[in-house]
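Chain residues, written in single-letter form:
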Amino acid sequence: MLGPTSHVDTFARDNLPPLDQWPELLLDGFDYPDYLNAAVELTDRMVEKGFGDHTALIGNGRRRTYKELADWTNRIARALVEDYGLKPGNRVLIRSANNPAMVACWLAATKAGAVVVNTMPMLRAGELAKIVDKAEISIALCDTRLMDELVATAKESQFLSQVIGFDGTANHDAELDRAALNKPVRFDAVKTGRDDVALLGFTSGSTGVPKATMHFHRDLLIIADAYAKEVLNVTPEDVFVGSPPLAFTFGLGGLAIFPLRFGAAATLLENATPPKMMEIIETFKATICFTAPTAYRAMLAAMDQGKADLSSLRIAVSAGETLPGPVFEEWTSKTGKPILDGIGATEMLHIFISNRLGEAKPYCTGQPLTGYKAIIVDEAMNEVPRGVIGRLAVKGPIGCRYMADDRQAEYVRDGWNLTGDSFTQDEDGYFHFAARSDDMIVSAGYNIAGPEVEAALLKHEAVLECAVIGVPDEERGHIVQAHVVLTDKTQACDALAKLLQEHVKAVIAPYKYPRSIIFADALPKTESGKIQRFRLKQDRAA
């Protein structure tokens, strides 16, 4: 089933799950040659196609063309091989915020045949050590502004022998930059197999031993040739902007792979706050935006104050969290632009169900991409009737492959990927998100989806953002508890809590209302803007 490999270091292929534990892969229509290097396809191949003078990356005060990016990454790849002894199949960790240098390092290491592990700048030495140990990483490339935690990891590690600094600014003044500077701009990239592992995506928000999802060179191109082509209709004139970290596969797709696959440009922000993104949208006339619903609400508020010109945007993509209906409605009515919800997973690399342009509607995730299938099943993997909440099961050209992990058998059953999400499917075939399966609240025998309660609360003008969890209750088993951030925090009082409860009862079935409301200054979130409800549960348990 697996094609040829060019990896001298066979660790990644040796640690793939047994074939009988893989999901069924639907590869019809996704045809690639036996030998394929994804980084070459995104750089040198684009130059060959005539995009050499097109802008590829914008960041840290500079624009870089596709020719400059190809040359830059070839020099770095040469340095990694000639000066640091990188062999095809070695794992390389990259630690950086979102900037052009991080993209260049990822592409360069991939050209050299490495298996790349992109990591977030907020990770501490203990968290990095778990990743290094699990993937047996020997080489790390690190923005020199973030070296301390990684150096501390290396001191204690039996695997990590080289931590090489690169300049994350535009100055090219660090060890790797100096090594690359004197190299020729030509590099014979490793002719990796299409089924060679190119990327290890470590799952976010997990506790204990992290899970590493394994993605092939072909997978990196499939997400562009499926979602970005079919749903976003990317053209070379598009300019991408967004907040998800490149360390997340969602960010790597939306802010690197998608634009580079089609000759478009990516703007990269190390600190992607809503004001910064609005500035980038206005300055560079960005056309496609990836960010969280909370950021879109902040943009709308700035528009109301006359402080934001979002007219260049062609598409807004909701990232990280499901898109609440009120945000969809407010965005479309005020901007006249489409905002697309979708669902993806690190295990599936990117989005696999999405709304489409011209068909988007609130409270709806959409339909599977061409080449993907999805069903709703019960615990025994039987398909449930339309309209009944069940577990989302999906299959397509990409699927879950955990590296040397017994949890593979939990995610993949009967050839299907079980994403851990509860959904319904309507009579027209559209999928509707209910909750993460572990966020469904059972109260007095009723199944209550937290996001539905959140959407109801967000319809009230006093609510800026909110998160709903289930908390134990002696009488009802669990009750709905809402953690609410107010637009005006000075308003917090028992009377407002009562008002919000009555508001929810008027919007959705009364039994779903939050019997407990806690006013908060902020909600815990990941770097990509995803609300960490499990931390609210942990805080309560503590």
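All of the points below concern the structure found in this document. Here the residue numbering is sequential within each chain, running from 1 through the sequence in written order. Owing to the predicted nature of the model, reporting of local features is limited to residues with pLDDT of at least 70; listing and counting of side-chain atom pairs is limited to 80 or more, with chain, interface and lining totals taken over all residues. Hydrogens and waters are ignored; side-chain quantities use all the structure's heavy atoms.

### Considering the sheet that holds strand S16 (residues 367-368)
The test is simple: Strand pairing is defined by DSSP finding a minimum of two bridges between the two strands. Strands are runs of DSSP state E lasting at least two residues, helices are runs of H or I lasting at least four, and both sets are numbered from the N terminus onward.
Sheet architecture is open: 3 strands sit in the order S14-S15-S16, paired in antiparallel fashion. Strand pairing shows two members of the sheet lacking a second neighbour, strand S14 (342-344) and S16, which therefore form its edges. Pairing geometry for strand S15 (residues 351-354) and S16, over 2 bridges, is antiparallel. The partner of Ile353 across the bridge, within S16, is Pro368.

### Section: the sheet that holds strand S26 (residues 516-519)
Just so we agree on the cut-off: Every angle, taken between N-to-C directions, lies between 0 and 180 degrees, and every axis is a line fitted to C-alpha atoms, over only the stretch in contact when it is a helix. A contact between two residues is defined here by any heavy atoms of the two lying within 4.5 Å.
The strand order across the open sheet formed by 3 strands is S24-S25-S26, and the pairing between neighbours is mixed. Pairing within the sheet leaves two strands with one partner each, and these edge strands are strand S24 (463-473) and S26. The sheet shows a mean angle of 25 degrees between the axes of neighbouring strands, taken without regard to direction. With 4 bridges connecting them, strand S25 (residues 477-486) and S26 associate as parallel partners. By the bridge assignment, Ala482 is partnered in S26 with Ile517. Its contacts with the sheet place helix H15 (residues 450-458) against S24 and S25, and it is angled at close to 140 degrees to S24.

### Focus: empty space enclosed by the protein
This is how it is decided: Points on a 1 Å grid, built from protein atoms alone, make a cavity when a 1.4 Å probe fits but cannot get out and make a pocket when they are open with protein on both sides within 12 Å along at least 5 of 7 lines; residues with an atom within 4 Å of a point are the lining residues. Grid points are joined across faces, edges and corners, and a volume is the space filled by probe spheres set on the points. Gly falls in the polar group here, along with every residue not listed as nonpolar (Ala, Val, Leu, Ile, Met, Phe, Trp, Tyr, Cys, Pro) or charged (Asp, Glu, Lys, Arg).
Under the counting rule described, the total for this entry stands at 1 cavity of 30 Å³ or more. For the largest cavity, the calculated volume is near 30 Å³. Taken together, the residues of the lining of the largest cavity break down into 4 nonpolar, 4 polar and 1 charged.

### Considerations on the packing of aromatic side chains
Aromatic ring pairs are defined here through the distance separating the ring centres and the angle between the ring planes. Keep this limit in mind: By convention, a stacked pair of Phe, Tyr or Trp rings (six-membered ring in the case of Trp) has centres within 6.5 Å and planes under 30 degrees apart, an edge-to-face pair has planes over 60 apart, and any other such pair is tilted. Partly exposed residues are those whose accessible area sits between 20% and 50% of the maximum for their type, while under 20% is buried and over 50% is exposed, using a 1.4 Å probe and protein chains only. Lysine and arginine charges are scored as sitting over a ring when NZ or CZ, respectively, is within 6 Å of the ring centre and within 35 degrees of the ring normal.
Tallying each qualifying case throughout the model produces 10 aromatic pairs. For the pair Phe51 and Tyr66, a centre-to-centre distance of 6.4 Å together with 50 degrees between the ring planes defines the contact as tilted. Of this pair, Phe51 sits in helix H3 (residues 44-51) while Tyr66 sits in helix H4 (residues 66-82), and the two are 15 residues apart along the sequence. According to the relative accessible area criterion, Tyr66 is buried, its value standing at 0%. Three or more aromatic residues joined by ring pairs form one cluster here, namely Tyr227, Phe240, Phe250, Phe258 and Phe290. A cation sits over an aromatic face here: Lys361 above Tyr430, 3.8 Å from the ring centre. The residue whose ring lies beneath Lys505 is Tyr513, and the NZ or CZ to ring-centre distance is 4.3 Å.

### Examining the pattern of salt bridges
Two side chains bearing opposite charge may form a pair once their charged atoms approach each other closely. Threshold: By definition here, a salt bridge exists when the distance from a side-chain nitrogen of Lys or Arg to a carboxyl oxygen of Asp or Glu is within 4 Å.
For the coordinates displayed, the defined rule picks out 33 salt bridges. Note that Arg45 and Glu41 form a salt bridge whose closest N and O atoms lie 3.0 Å from each other. The structure contains a network of salt bridges with shared partners spanning Arg78, Glu82, Asp83 and Lys183.

### A short note on the nonpolar core
Formally: Think of a nonpolar core as a cluster: buried Ala, Val, Leu, Ile, Met, Phe, Trp, Tyr and Cys residues, connected wherever their side-chain atoms sit within 4.5 Å.
Formed by 96 residues in total, the largest nonpolar core has its most connected members in Trp106, Leu141, Leu176, Leu232 and Phe258. Among the elements that line this core, the one with the most residues is helix H5 (residues 100-111), at 9 residues. Not counting residues within four places of it along the chain, the set of residues in contact with Phe258 comprises Ile223, Ala224, Tyr227, Ala228, Leu232, Val234, Phe240, Gly253, Phe290 and His350. If you look at the next biggest cluster of nonpolar residues, it comprises 30 residues, including Leu93, Leu123, Cys142 and Phe202.

### Side note on helix H9 (residues 217-230)
Basically, it comes down to this: Expected helix span is taken as 1.5 Å per residue step, with the number of steps being one fewer than the number of residues.
With 14 residues, H9 ought to run about 20 Å at 1.5 Å a step, and its terminal C-alpha atoms sit 20 Å apart, in line with that. Here H9 lies mainly inside the structure; 11 of its 14 residues are buried. Regarding H9, the residues found buried are His217, Arg218, Asp219, Leu220, Leu221, Ile222, Ile223, Ala224, Ala226, Tyr227 and Ala228.

### Here we look at the packing of H15 against helix H16 (residues 494-507)
Basically, it comes down to this: Roughly parallel means an angle under 35 degrees; roughly antiparallel, over 145; roughly perpendicular, 65 to 115; everything else is oblique. Definitions for this section: a left-handed crossing has its near helix turned counterclockwise from the far helix by less than a right angle. A right-handed crossing has that turn clockwise.
Viewed as axis vectors pointing N to C, H15 and H16 meet at an angle of 110 degrees, and their least axial separation amounts to 9 Å. On the basis of the axis angle, H15 is roughly perpendicular to H16. Crossing hand, H15 versus H16: right-handed. Across the interface between the two elements, Val453, Ala456 and Leu457 from H15 touch Leu500, His503, Val504 and Val507 from H16. For the contact of H15 with H16, a count of residues per class yields 6 nonpolar, 1 polar and no charged.

### A short note on unusual backbone geometry
A positive phi angle, close to 60 degrees, is found at Tyr363, a residue other than glycine. Under the relative-accessibility criterion, Tyr363 is labelled partly exposed at 39%.

### Details of the environment of Thr273
Within the secondary structure layout, Thr273 lies in the loop between strand S10 (265-267) and helix H11 (274-284). A residue is classified by how much of its surface remains accessible, and Thr273, at 27% relative accessible area, is partly exposed. With 125 residues separating them in the primary sequence, Thr273 and Asp148 have C-alpha atoms 25 Å apart.

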